[in-house]
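Residues per chain are reported as follows:
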Amino acid sequence: MFSRKIWKFSKRKWEKIEESAAFLINGSIPYEFRTTVVKELHDSQDFLDIGRWLEGCQHYYLQNYVDSGEVLCSGFTSCTKEELLAFAEILRPYMPDAS
């Protein structure tokens, strides 16, 4: 299961999230998963956990956080291109087209 280190969902909410992800991965409806990567919130272990959790998904994208000045919580920063590429490499054994 995906690490819950920064999320404050109840067990029931997590079960629903996991059920939805499994429904999409195992079904025939077109879908994609995305993670907005925030330097202060994500590390390599998170992407290993995500890869294991969503293994086999067809479309998974990393998008870099952008502090637009209109975000709800300021003070976060983007990752470097190299960091994003390293996270994508961690995901590829589980989802070969992760980018």
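Residues numbered from 1 in each chain as written. Predicted model: local features only at pLDDT ≥ 70, side-chain atom pairs only at ≥ 80, totals over all residues. Heavy atoms only, no water.

J.: Would you explain the overall build of the protein chain in this entry?
T.: A tally of helices and strands in the protein chain yields 3 helices and 2 strands. Helices (α) and strands (β) of the protein chain occur, in sequence order from the N terminus, as α-β-α-β-α. Taken over the C-alpha trace, the protein chain has a radius of gyration of 14 Å; the compact-globule value for 99 residues is 13 Å, and the two agree within 12%. In terms of overall dimensions, the protein chain has C-alpha extents of about 35 × 30 × 25 Å along its principal axes. Counting every position in the protein chain, which comprises 99 residues, the buried fraction comes to 27%. If you take every contact in the protein chain between residues at least 6 apart in sequence, the share linking residues at least 24 apart comes to 69%. (Helix = DSSP H or I, 4+ residues; strand = E, 2+ residues; numbered from the N terminus. Rg over C-alpha atoms; globule rule 2.2 N^0.38 Å. Buried < 20%, exposed > 50% of the residue type's maximum accessible area, 1.4 Å probe, protein only. Contact = heavy atoms within 4.5 Å.)

J.: Just to check I follow, could you spell out the pairing of strand β2 (residues 60-64) for this structure?
T.: The side chains of a regular strand alternate, residue by residue, between the two faces of the sheet. Two strands pair when backbone bridges link them, and strand β1 (residues 33-37) and β2 are joined in this way by 5 bridges, in the parallel orientation. Among the inter-strand pairings, Phe 33 is bridged to a residue of β2, identified as Tyr 60. Note on the crossover from β1 through helix α2 (residues 44-53) to β2: the handedness is right-handed. (Pairing = 2+ DSSP bridges. Right-handed = clockwise from strand over helix to strand, strands pointing away.)

J.: Is there a simple way to explain the pattern of salt bridges in this structure?
T.: Where charged atoms from two side chains of opposite charge come close, those side chains can pair. For the structure shown, the criterion picks out 5 salt bridges. For the salt bridge of Lys 11 with Glu 15, the shortest nitrogen-to-oxygen distance reads 3.9 Å. On the criterion of helical spacing, the pair formed by Lys 11 and Glu 15 is a turn pair, its members being 4 residues apart in helix α1 (residues 11-26). Of the charged contacts, one joins Arg 92 and Glu 89 as a salt bridge, the two residues approaching to 2.2 Å between their closest N and O atoms. (Salt bridge = Lys/Arg side-chain N within 4 Å of Asp/Glu carboxyl O.)

J.: Mind showing me how you'd approach the nonpolar core here?
T.: Here is a general trend for soluble globular proteins: nonpolar side chains tend to be buried in one another's company. Counting residues in hydrophobic clusters, the biggest one holds 17 residues, and the most contacted among them are Phe 47, Leu 54, Tyr 60, Leu 62 and Leu 91. Listed by contribution, the elements that provide at least two residues to this core are β1, α2, β2 and α3 (81-91). Of all the elements, α3 adds the most residues to this core, at 4 residues. Sequence-distant contacts of Leu 62, defined by excluding residues within four places in its chain, comprise Thr 35, Val 37, Phe 47, Leu 84, Phe 87, Ala 88, Leu 91 and Ser 99. (Core = buried A, V, L, I, M, F, W, Y, C linked by side-chain atoms within 4.5 Å.)

J.: How should I be thinking about α2 in this particular structure?
T.: All buried positions along α2 are accounted for by Asp 46, Phe 47, Asp 49, Ile 50 and Gly 51. A side-chain oxygen of the first residue of α2 lies 3.1 Å from the backbone nitrogen of Gln 45; this N-cap is Asp 43. (Polar contact = N/O pair within 3.5 Å; in protein donor to acceptor, adjacent residues only side chain to side chain.)

J.: What am I meant to see in the packing of aromatic side chains here?
T.: The geometry of an aromatic ring pair comes down to the distance between the two centres and the angle between the two planes. Applying the stated criterion across every chain, the model contains 4 aromatic pairs. Relative to Phe 33, the ring of Tyr 31 has its centre 5.4 Å away and its plane inclined at 65 degrees; by these criteria the two rings are edge-to-face. By relative accessible area, which is 15% here, Phe 33 ends up buried. (Phe/Tyr/Trp six-rings, centres within 6.5 Å; stacked < 30°, edge-to-face > 60°.)

J.: Can you walk me through the packing of α2 against α3 in this structure?
T.: In a pair of packed helices, the angle between the axes and the distance between the axes together describe the arrangement. Interhelical geometry of α2 versus α3 gives an angle of 35 degrees and a closest axis separation of 8 Å. In this structure, α2 meets α3 at a crossing whose hand is right-handed. Residues Ser 44, Phe 47, Leu 48, Ile 50 and Gly 51 of α2 form the contact with α3, whose participating residues are Phe 87, Ile 90 and Leu 91. (Axes fitted to C-alpha atoms, helices over the stretch in contact; angles between N-to-C directions. Left-handed = near helix turned anticlockwise from the far one by under 90°.)

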